Amino acid sequence: MNLRPPRVKGLGLVAWLAGILFFLPIAWMVLTSFHSEESAATNPPSFAASLTLDGYRDFFGTTGGASPWPALVNSTVASLASTLLVLALALPAAYALSIRPVKKWTDVLFFFLSTKMLPVVAGLLPIYLFAKNTGMLDNIWLLVILYTSMNLPIAVWMMQSFLAEVPIAVIEAARIDGARLPTLLARVVAPIALPGIAATALICFIFSWNELLFARVLSGVVAQTAPVFLTGFITSQGLFLAKVCAASLVISLPVLAAGFTAQDKLVQGLSLGAVK
């Protein structure tokens, strides 16, 4: 016997419809990636068109095009390195703002967040001139530094909320046992706040992986990232829709895999540990 009230059933139906609406573009992209360019360009599109792997062959360069592997490696290095740097810097900063709060810590948090209010394009020219004058153009480590500085404010903001949930009694007991700050952060605070740290790391990784503007302007051939490589499929000869869909799916897989792997930690972290 189903005792659910009609309102709950209605909300569940709305949630399912919203999920389907969000999933439809992804399903459409996946289907289009297995079509030929002729079938993908038809209007209206044909669902019964024959399937092929030509789009993926073109993306991976088996038909003579450019190989995507250098760009994928660059995106992996830039995203992972910047995320690790963000965590290493944000954890002690969030500790100081939550467990050992400074005076007017809310103003400090607002200052961190206010740095995200500046339009990214406003800082593009001075950063480009700095990179040009220091010989850092087309350098993957410049992107690592930029992604770290861009993600650090939001990481500190998020982790401050997570670390505020750490019991003070546990920290005081560790101090009595002689634990210094590095040991305290690594062995006491980090394990307790692991869901929040995982959520922060995943969001920083996604932001870094998807960043296009700085990577497009500051990189050339050596430091080209996956999103920049993807824009190369839009040429003067036209838009190769099947190839673009195949490339978009492959480039999205690392983010989707990371989100699926850490989904339980992400839910716990974003709900401040309320969901067990």
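Residues numbered from 1 in each chain as written. Predicted model: local features only at pLDDT ≥ 70, side-chain atom pairs only at ≥ 80, totals over all residues. Heavy atoms only, no water.

(A) Summary view of the pattern of salt bridges. In this structure the tally under the stated criterion is two salt bridges. Note that Arg57 and Asp54 form a salt bridge whose closest N and O atoms lie 2.8 Å from each other. Taken together, the residues Arg57 and Asp54, both in helix H3 (residues 54–59) and three residues apart, mark about one turn of the helix. We classify Asp54 as partly exposed; its relative accessible area is 38%. (Salt bridge = Lys/Arg side-chain N within 4 Å of Asp/Glu carboxyl O. Helix = DSSP H or I, 4+ residues; strand = E, 2+ residues; numbered from the N terminus. Buried < 20%, exposed > 50% of the residue type's maximum accessible area, 1.4 Å probe, protein only.)

(B) Inspection of the packing of aromatic side chains at higher detail. Tallying each qualifying case throughout the model produces five aromatic pairs. Between Phe34 and Tyr56, the ring centres sit 5.1 Å apart and the planes meet at 40°, which makes this aromatic pair tilted. Here Tyr56 lies in helix H3 and Phe34 lies in the loop between helix H1 (6–33) and helix H2 (37–40), a separation of 22 residues in the sequence. Look at Tyr56 and you get buried, because its relative accessible area is 12%. Ring pairing ties together the aromatic residues Phe59, Phe60, Trp69 and Phe229, which thus form one cluster. (Phe/Tyr/Trp six-rings, centres within 6.5 Å; stacked < 30°, edge-to-face > 60°.)

(C) Main features of helix H4 (residues 69–98). Between its first and last C-alpha atoms H4 spans 42 Å; for 30 residues at 1.5 Å apiece the expected length is 44 Å, and the two agree. Remark: the principal bend of H4, roughly 25°, maps to Ala90, with a proline, Pro92, within the next four residues. (Expected span 1.5 Å × (residues − 1). Bend = angle between axes of the 7 residues up to and from the residue.)

(D) Up close: the nonpolar core. Counting residues in hydrophobic clusters, the biggest one holds 29 residues, and the most contacted among them are Tyr95, Met159, Leu163, Ile171, Val189 and Ile197. Listed by contribution, the elements that provide at least two residues to this core are H4, helix H7 (140–163), helix H8 (168–176), helix H9 (181–192) and helix H10 (194–210). If sequence neighbours within four positions are ignored, Ile171 has contacts with Tyr95, Ile99, Val166, Leu184 and Val189. Among the nonpolar cores identified, the runner-up in size contains 18 residues, and Phe205, Trp209, Phe233 and Val255 belong to it. (Core = buried A, V, L, I, M, F, W, Y, C linked by side-chain atoms within 4.5 Å. Contact = heavy atoms within 4.5 Å.)

(E) View of the confidence of the model for the chain. Averaged over all residues, the pLDDT of the chain equals 84, while 88% of them reach at least 70. Under a pLDDT of 50 for its full length, residues 272–276 has, in the predicted model, eight contacts with residues more than four places off or in other chains. (pLDDT = per-residue confidence, 0-100.)

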